[in-house]
Amino acid sequence: MSDKSTIPFGPQHPVLPEPIHLKLVVEDEKVVEAYPAFGFVHRGLETLAQKKDFNQMVYVVERVCGICSCMHGQDYCEAIEELMGIEVPVRAEYLRTIWAELHRIHSHLLWLGLFADAFGFENLFMQTWKIREKIMDILEATSGNRVIISVNIVGGVRKDINSEQAKWILKELDEVERQLKDINDVVMNNYTVKQRTVGIGVLTKEEAYELGATGPMAKGSGVDLDLRTTGYAAYKYLDFEPIVEKAGDSYARNLVRMREIFQSIDLIRQALGKIPDGEINVPVKGNPPAGEVISRLEQSRGEVVYYIKSNGTKFLDRLRIRTPTFANIPALLKILPGSQLQDVPVLILTIDPCISCTER
Amino acid sequence: MLDMLKSVFSNLSRKPVTRMYPFEERKPFDINRGHLENNIDECIFCGMCQRVCPSNCIKVDRKTSVWEYDPFECVLCGVCVEKCPKKCLKLDVHYRSCTDKKYNIHLEKHDDSEKAGA
Amino acid sequence: MIVNSREVEIGNLKSEVKKYHDGGYRFVTETCLNLEDKFKIIYTFAIGYDLENIHIITDGKNVPSVSDIYSCALAVENEIKELFGIEFDGLAVDFGGNFMLGESSPISPQADIEIIRREKGGKNE
Amino acid sequence: MGLKEFVKKSFSKSPWVVHYDCGSCNGCDIEVLACMTPIYDMERFGMVNVGNPKHADILIVTGTVNEKNKDVLKNVYDMMPDPKVVVAAGICACSGGIFRDCYNVLGGIDKVIPVDVYVPGCPAKPEAMIDGLYKAAQILKEKYSRKEVIVSAKSLG
């Protein structure tokens with residue numbers, strides 16, 4: 001009765017800030033199959049590890065993705081430090097945690113704005129981006145750059161937060177939290193938001209685990225995986241519970257991200273309260289010894305895996321990055337079939353895609 | 001849609017948050033990484049900045065005392081500034097303004113002039 | 001975590017992966033490395049927060065695909081196929097060399113040695 | 001010719017902007033978006049971000065050009081009506097930046113399409129972006145005054 005037709009989606013699409021191409025096979029308005037095509041952002045930066053030395057690579061891996069740049073640098077540095085047996089000063093661990101959590105807030109707010117834009121809620125989009133600028137100001141004042149902050153180096157961090165800045169950050173965070181509470185009500189109870197998210201794109205717990213989903217994608221489906229509980233950096237000194245929702249639809253993923261923003265604000269408060277004085281980095285001598293290392297941490301989109309093989313010289317043999325969005329793509333392809341064509345932008349944005357991470 | 005009314009009214013009653021950029025400029029933070037400058041009189045052409053630069057945008061020629069820098073390849077990480085032994089490199093807080101033509105910065109010790117072009 | 005991976009014969013790869021799958025492990029990633037004139041593929045699985053690695057040494061031909069056991073292995077195997085030129089047998093969805101690279105990109109750019117040439121204009125299915 | 005003059009003037013006074021991400025790390029993209037949102041609010045200058053290249057006068061490109069998206073970029077550029085201005089935002093779009101040695105990177109969008117304004121910075125700050133867009137609007141104005149533009153009063157309905 002109905003014909004199948006193929007609709008190309010992207011790479012230049014009004015809703016998507018990033019180029020992704022999907023071939024959607026539709027029957028009337030219903031998506032039957034979806035095939036992705038990537039590669040519009042593929043640079044091949046993993047091979048730069050053979051051209052630039054291991055200290056210079058920190059600045060390259062930070063530019064894998066501008067949104068989670070700080071955590072890419074942190075994970076790379078932790079991998080090299082583990083290989084070389086370097087103990088990072090405790091203050092540096094705290095500072096890394098603070099910047100990572102600031103990045104998580106800014107990333108989630110950015111996602112919330114784009115998500116609101118995808119279903120036409122312009123007011124919410126503008127409001128979240130207004131709040132987000134406060135976080136960008138904090139990043140700029142503490143590191144010197146707005147987006148790619150370049151604070152991590154092998155052996156510690158480069159910049160410090162003094163007590164005046166800490167006070168100012170706490171004040172700004174109070175303001176952010178107050179404004180976010182208003183928005184929180186909207187995201188949780190608004191008719192428009194619920195209409196577009198509740199029951200859309202359901203991913204069950206078993207599917208999420210089987211497809212290797214990570215981050216809010218898995219947490220929204222009830223998979224209790226948050227690498228921060230393994231206690232890297234300063235998370236071992238801080239008190240928090242991973243946030244898990246059971247429903248597995250787009251709404252549950254919204255809730256996870258919204259609650260994670262408040263959790264991050266709380267973590268920064270705790271970290272600024274407990275941060276000890278001391279050195280912020282240790283000098284690094286020599287080259288990494290030959291060996292292989294895998295380092296993981298929890299980014300705003302999920303688990304990032306760095307694989308590093310060193311051969312004893314200053315150039316690394318192999319650097320490989322498994323980014324969280326790459327792991328979430330199979331889950332996206334799982335939830336797309338069966339949805340309405342009109343919901344496709346919302347479903348793509350519900351995994352919080354970061355295409356430049358995926359393709360590197 | 002009425003949930004948003006609270007923020008709508010509070011936004012109406014407050015003064016605009018927009019930074020009226022070209023008319024009033026915000027004071028840059030004093031650790032801003034804006035653009036790189038070299039005080040060529042102090043420079044000893046050791047080549048440290050060239051070695052540590054992750055983007056390989058600095059070229060130092062010790063023989064002819066020439067320091068070349070491509071601002072359109074620089075990632076503004078500030079590593080060269082930290083490693084400079086004479087502290088003649090400096091990151092200015094103001095960003096480099098846009099142009100309609102790419103240029104290199106070519107500094108020579110003997111005539112102290114900054115040439116655009118090439 | 002410093003990697004200590006266990007070497008597996010290519011013939012036993014699927015049964016080993018099946019064991020991990022039935023043991024409730026989730027698939028994390030595959031990593032391909034250049035050896036002298038061979039390749040090493042590391043398979044990483046996780047249960048909870050613990051990782052386990054196995055690896056195979058291959059010359060790049062007829063590597064059995066694990067995408068029928070873990071369907072999410074499909075993306076990473078397509079990527080390895082393209083960037084290293086390794087042939088996988090029984091890939092669930094084969095992008096035919098247009099997953100990451102464009103028509104005019106270099107062929108198998110991350111490999112030291114060249115195994116297969118990409119057929120031009122492969123289908124995206 | 002009053003109407004024609006008026007149309008020309010209004011086109012150059014209120015240029016519409018299309019943004020294409022050509023393989024950037026997202027850093028410059030979110031700064032372009034930050035220009036559209038309340039804090040930097042480019043719409044004060046009559047610039048509207050549109051999704052359709054056929055509606056746009058100014059093309060902002062961020063990121064390095066790679067082998068796969070150079071055709072897409074060329075396509076977007078060709079679709080835009082004359083006269084048009086191209087802004088390369090960020091050092092990746094200017095020269096390939098830190099990625100210019102990678103195997104899949106062409107290095108700079110000026111290898112594919114002509115560029116009118118280069119905005120340096122990694123990522124370019126929103127203020128720098130506004131400067132670049134202002135300059136682009138000036139160039140657009142100049143192009144309008146230089147060239148006979150095919151806008152007939154009839155086609156306006």
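Residues numbered from 1 in each chain as written. Chains lettered and ligands numbered in written order. Predicted model: local features only at pLDDT ≥ 70, side-chain atom pairs only at ≥ 80, totals over all residues. Heavy atoms only, no water.

- Per an unreviewed UniProt entry, chain D carries the name NADH dehydrogenase (Quinone) and comes from Thermoanaerobacterium xylanolyticum.
- Checking UniProt for chain D, the heading Cofactor (unreviewed entry) contains the comment "[4Fe-4S] cluster". (UniProt positions renumbered as here; feature names shortened; annotations may be inferred.)

Thoughts on the arrangement of the chains
Next up, step 1: Considering every one of the five pairs of chains in contact, the largest contact total is recorded for chains A and D.
Next up, step 2: The least C-alpha distance between chain B and chain C, which are not in contact, is 21 Å. (Contact = heavy atoms within 4.5 Å.)

Digging into the nonpolar core
Next up, step 1: With 109 residues, the main nonpolar core has Y76, W99, L180, I308 and L319 of chain A together with F99 of chain D as its most contacted residues.
Next up, step 2: For this core, the leading source of residues is helix α3 (residues 90–118) of chain A, giving 16 residues.
Next up, step 3: Not counting residues within four places of it along the chain, the set of residues in contact with Y76 of chain A comprises F54, M57, V58, V61, Y306, I308, L316 and L319 of chain A.
Next up, step 4: Counting 44 residues, the second largest nonpolar core, distinct from the first, contains F40 of chain A, L89 and L107 of chain B together with V112 of chain D. (Core = buried A, V, L, I, M, F, W, Y, C linked by side-chain atoms within 4.5 Å. Buried < 20%, exposed > 50% of the residue type's maximum accessible area, 1.4 Å probe, protein only. Helix = DSSP H or I, 4+ residues; strand = E, 2+ residues; numbered from the N terminus.)

Remarks on a negative patch on the surface
Residues and elements named next belong to chain A.
Next up, step 1: On the surface, a cluster of negative charge is contributed by D3, E27, D28 and E29.
Next up, step 2: Summarising the element assignment, E29 is placed in the loop between β2 (21–27) and β3 (30–37).
Next up, step 3: Taking the relative accessible area as the measure of exposure, E29 reaches 37% and is therefore partly exposed. (Patch = residues over 30% accessible without salt bridge, like charges linked within 9 Å, V, L, I, M, F, W, Y side chains within 5 Å. Areas by Shrake-Rupley, 256 points an atom, 1.4 Å probe, with all protein chains shown as cover. Salt bridge = Lys/Arg side-chain N within 4 Å of Asp/Glu carboxyl O. Lys, Arg positive; Asp, Glu negative; His and termini not counted. Charge placed at Lys NZ, Arg CZ, Asp CG, Glu CD.)

Some words on helix α2 (residues 69–84) of chain A
Residue and element names in this part refer to chain A.
Next up, step 1: The terminal C-alpha atoms of α2 lie 23 Å apart, and with 16 residues this matches the ideal 22 Å at 1.5 Å per residue to within 8%.
Next up, step 2: Here α2 lies mainly inside the structure; 15 of its 16 residues are buried.
Next up, step 3: G85 lies just past α2 and shows a positive phi near 70°. (Expected span 1.5 Å × (residues − 1).)

Thoughts on the interface of chain A and chain B
Next up, step 1: Taken together, the contact between chain A and chain B spans 29 residues of the former and 26 residues of the latter.
Next up, step 2: Joining chain A to chain B, the criterion identifies one salt bridge.
Next up, step 3: R158 of chain A is the partner of E82 of chain B in a salt bridge, and the nearest nitrogen-oxygen pair spans 2.9 Å.
Next up, step 4: At the level of elements, α4 (122–143), α5 (163–189) and α6 (191–197) of chain A are the ones that each hand at least two residues to the side of chain A that touches chain B.
Next up, step 5: Of the residues forming the side of chain A that touches chain B, the biggest block, 10 residues, is contributed by α4 of chain A.
Next up, step 6: Residue classes in the side of chain A that touches chain B are distributed as eight nonpolar, 11 polar and 10 charged. (Nonpolar A, V, L, I, M, F, W, Y, C, P; charged D, E, K, R; others polar.)

Quick look at the UniProt feature "domain: NADH:ubiquinone oxidoreductase-like 20kDa subunit" (unreviewed entry) in chain D
Next up, step 1: Per the UniProt record, the feature "domain: NADH:ubiquinone oxidoreductase-like 20kDa subunit" (unreviewed entry) sits at residues 25–135 of chain D.
Next up, step 2: Spanning residues 25–135 of chain D, this segment combines 32% helix with 14% strand, and its end C-alpha atoms are found 25 Å apart.

So, unusual backbone geometry
Next up, step 1: Residue P123 of chain D follows C122 of chain D across a cis peptide bond; omega there is -10°.
Next up, step 2: Tracing the backbone through its elements, the reader meets P123 of chain D in the loop between β5 (117–119) and α5 (126–146).
Next up, step 3: Positive phi values are uncommon outside glycine, yet S150 of chain A reaches one of about 50°.
Next up, step 4: Of note, the phi angle at N26 of chain D is positive, near 85°, even though the residue is not glycine.
Next up, step 5: Take N26 of chain D: it is sitting in the loop between β1 (16–21) and α2 (27–36).

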